[in-house]
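# Structural features, examined
Chain by chain, the residues run as shown.
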Amino acid sequence: MNVQVDSDQSPAILRAENLGRTVGEKILVAGASFAVHNGETLAIVGPSGSGKSSLLRLLNRLDEPTSGTVYLNAIDYRQIAPGELRRRVGMVTQRAYLFPGTISENLRFGPRQRGEELDDRRIEELLTGVGLAGFGSRDVANLSGGEAQRVSFARTLANSPEVFLLDEPTSALDDESKHGVEALVTQIGREQSIPCVLVTHDVAQAARLAHRVIILESGRIMRSGTAEEVFRA
Amino acid sequence: MLKNLFHDQLQLGVAQATVAGIVALVVVLLSRKRGIHLERELAVALVRGLVQIVAVGSILLLLLRGPNWTSIFLLLVMIVAAGATSARRAKGMPQAFQVSTWAIACGAGSVIAVMTLLGVIDTAITTLVPVGSMVIANAMNSNGLVLNRFRADVLAHVGEIEAALALGADGKSSVAPYVLASFEASLIPAIDSLRSLGIVWIPGLMAGMLLSGARPVYAAVYQFVVLAMIFAGSGLTALVSTLLMRTRVMSPAEQLILQPGDLGRRIIVV
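What follows concerns the overall build of chain B. Tallying secondary structure elements over chain B gives 11 helices and 0 strands in all. When the helices and strands of chain B are listed from N to C terminus, the series reads α-α-α-α-α-α-α-α-α-α-α. Sorting the 270 residues of chain B into buried and exposed places 32% on the buried side. Taking all contacts inside chain B whose residues are at least 6 apart in sequence as the whole, residues at least 24 apart take part in 73%.

In structure tokens:
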């Protein structure tokens, strides 16, 4: 069963069309079509192994789709250079995977890939945004899980993405850090109006953060709609 | 003692091999007493080793009497065999055999070629083949080491590499730290050989030259020459190997192909 997921708002920033990936015999994702609009958070919910992360990895082309494609601002993303695409479609994963060195160096990494150098003021601004003002010169080796995840958010935001992909961003965190990171997602979505695609196995979290929800099972979209509609069903 | 009994060199060789075989059998008997059963395995290994080395000796006998170009043919065969052997150290890596063979051909091959042209290595088949094989064998080892380390490093840092890709880095710079680390690691044996030369070990070549009556100082200097060539050949091989492999672990769309478990299947396991 393929369910079209769309809403009749502003034109879609990101639109997946019949997106699928099969490795050998195994279907990871099949026939996924949906759109993400400005300022909205779309949650992809499903049990372990349902293909949530696989689907997300197709959205910034970390894996190659074996069917369908994704349009970024109506342009087929295969026509965009991968580096440029991934700058515009930022991603935060379950674990932060920071690079050895200071927090500032981590924030500078993305812009540096295209020859841009972040100044100290911008770094401080980004760190203030994630609640880590004044942390720039700290070594990433001494951060807690929650702090590392905040740095990971700031590092992705340093690239000024147009869409934000979040792969279980709180599942490795304790409750306190989790609330902080959730507040950050809300802030990015609502205040900075960057559309977010949030992968989570936590239904309550999806209900708290997302405008719309997709339920994924065995790589296929089973239900979709507003959080209320989907979870009531 | 054996020399007094056997005057023909071939007979002497067989007698010596028998004695050496008996010594190995004593080890088997000792192991047996401790409950370790090696008889079958060792018997097969002993016979196999003897047959192989006698076969190679016979082939060499024919080839060493051949024209000088035979050595080029022999060295090329060695390079391909070395490529196949060290590719086994890079299981799961894309085009490992191709990369290894090219790397050894470029690294060891160019050093042998340049040194032969400059007259550092004699063109006589009896010099070129043994010296060349030493350079190739060491290039093979460092190629195996570099690919093995690179593979392990990439697999251990998939998260970091994909984080870099997700931030817009290209494939080459995403794996750059691991290229550097594996290149450094692969040079350790060659550097240590040079460093400990004469102190920890007197290499076979020098021992051989001394046995065959060369002047000790010349034998020593020539051993250094060979080790320097080995270092150059190994270093160049490792460099070429990592440069070739770093582009092969990435797809044209800058996706990390080399993934833990069966390629790309790890997602199923989750």
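What follows is about the pairing of strand β3 (residues 41–45) of chain A. Residue and element names in this part refer to chain A. Most of β3 is tucked away, with 5 of its 5 residues classed as buried. Side chains of β3 alternate between two faces, with T41, A43 and V45 and L42 and I44 buried alike. Across 5 bridges, β3 lies against strand β8 (residues 196–200) in parallel orientation. In the sheet register, V45 faces β8, and the bridge partner there is T200. Where β3 meets strand β9 (residues 212–217), 4 bridges bridge the pair, whose relative direction is parallel. When the bridges of β9 are listed, L42 appears paired with R212.

Let's shift gears to the interface of chain B and chain A. Across the contact, 19 residues belong to chain B and 28 residues belong to chain A. The set of elements that each furnish at least two residues to the side of chain B that touches chain A consists of α7 (158–166) and α11 (266–269) of chain B. It is α7(B) that contributes the most residues to the side of chain B that touches chain A, 6 residues altogether. Split by residue class, the side of chain B that touches chain A holds 9 nonpolar, 5 polar and 5 charged.

Glancing now at the domain arrangement of chain B. Examined at the domain level, chain B breaks down into domain 1 (1–63) and domain 2 (69–269). Each of domain 1 of chain B and domain 2 of chain B has a C-alpha centre, and the two are 32 Å apart.

With that settled, consider the sheet that holds β3(A). Residue and element names in this part refer to chain A. Read across the open sheet, the 6 strands follow the order β6-β7-β8-β3-β9-β10; overall the sheet is mixed. The outermost strands of the open sheet, each flanked by one partner alone, are β6 (89–92) and β10 (220–226). Adjacent strand axes in the sheet meet at a mean angle of 20°, parallel and antiparallel pairs treated alike. Relative to β8, strand β7 (residues 163–167) is paired through 4 bridges, and the arrangement is parallel. Bridge assignment links F164 to a residue of β8, and that residue is C196. Running over the sheet, helix α6 (residues 175–191) touches β3, β7 and β8 and is turned about 155° from β8.

All names here are of chain A. The antiparallel open sheet is built from 4 strands, whose spatial order is β2-β1-β4-β5. This sheet does not close on itself; its edge strands, each paired only once, are β2 (26–36) and β5 (75–76). By the bridge criterion, 2 bridges tie strand β4 (residues 67–72) to β5 in an arrangement that is antiparallel. Bridging from a neighbouring strand, Y71 pairs with D76 of β5.

Next up on the list: the pairing of β6(A). Residues and elements named next belong to chain A. Neither face of β6 is open: one carries V89 and M91, the other G90 and V92, and all of them are buried. Across 4 bridges, β6 lies against β7 in parallel orientation. Paired with G90 across the strands is F164, a residue of β7.

Residue and element names in this part refer to chain A. Positive phi is not limited to glycine here, since N73 has a value of about 50°. Take N73: it is sitting in the loop between β4 and β5. Even without a glycine there, the phi angle at E168 is positive, about 45°. Looking at where E168 falls in the secondary structure, it is placed in the loop between β7 and α6.

Turning next to helix α5 (residues 96–117) of chain B. The terminal C-alpha atoms of α5(B), which comprises 22 residues, lie 30 Å apart, in line with the 32 Å expected from a rise of 1.5 Å per residue. Maximal helix bending in α5(B) amounts to about 30°, located at G109(B).

Quick notes on the rules
Counting from 1, residues in each chain are numbered in the order their sequence is written. Starting at A for chains and at 1 for ligands, labels are handed out in the order in which the entities are written. This being a predicted model, a pLDDT of at least 70 is required before a residue's local features are given, and a value of 80 or more before pairs of side-chain atoms are given or counted; all residues contribute to the totals for chains, interfaces and linings. Here a helix means four or more residues in a row that DSSP labels H or I, a strand means two or more in a row labelled E, and each is numbered from the N terminus. Here a residue counts as buried when 20 or more other C-beta atoms sit within 10 Å of its C-beta, as exposed when there are 12 or fewer, and as partly exposed otherwise, the C-beta atoms being derived from the backbone. The contact rule is simple: place each C-beta atom from the backbone, and if two of them lie within 7 Å, those residues are in contact. Only when DSSP finds a minimum of two bridges between them are two strands counted as paired. The residue classification treats Ala, Val, Leu, Ile, Met, Phe, Trp, Tyr, Cys and Pro as nonpolar and Asp, Glu, Lys and Arg as charged. All others, Gly included, are polar. Here the bounds of each domain stem from an automatic or database domain assignment. Here, axes are lines fitted to C-alpha atoms. For helices the fit covers the stretch in contact, and angles between N-to-C directions go from 0 to 180 degrees. A helix is expected to span 1.5 Å multiplied by its residue count minus one. Bend angle per residue: angle between axes fitted to the 7 residues ending at that residue and the 7 residues starting there.

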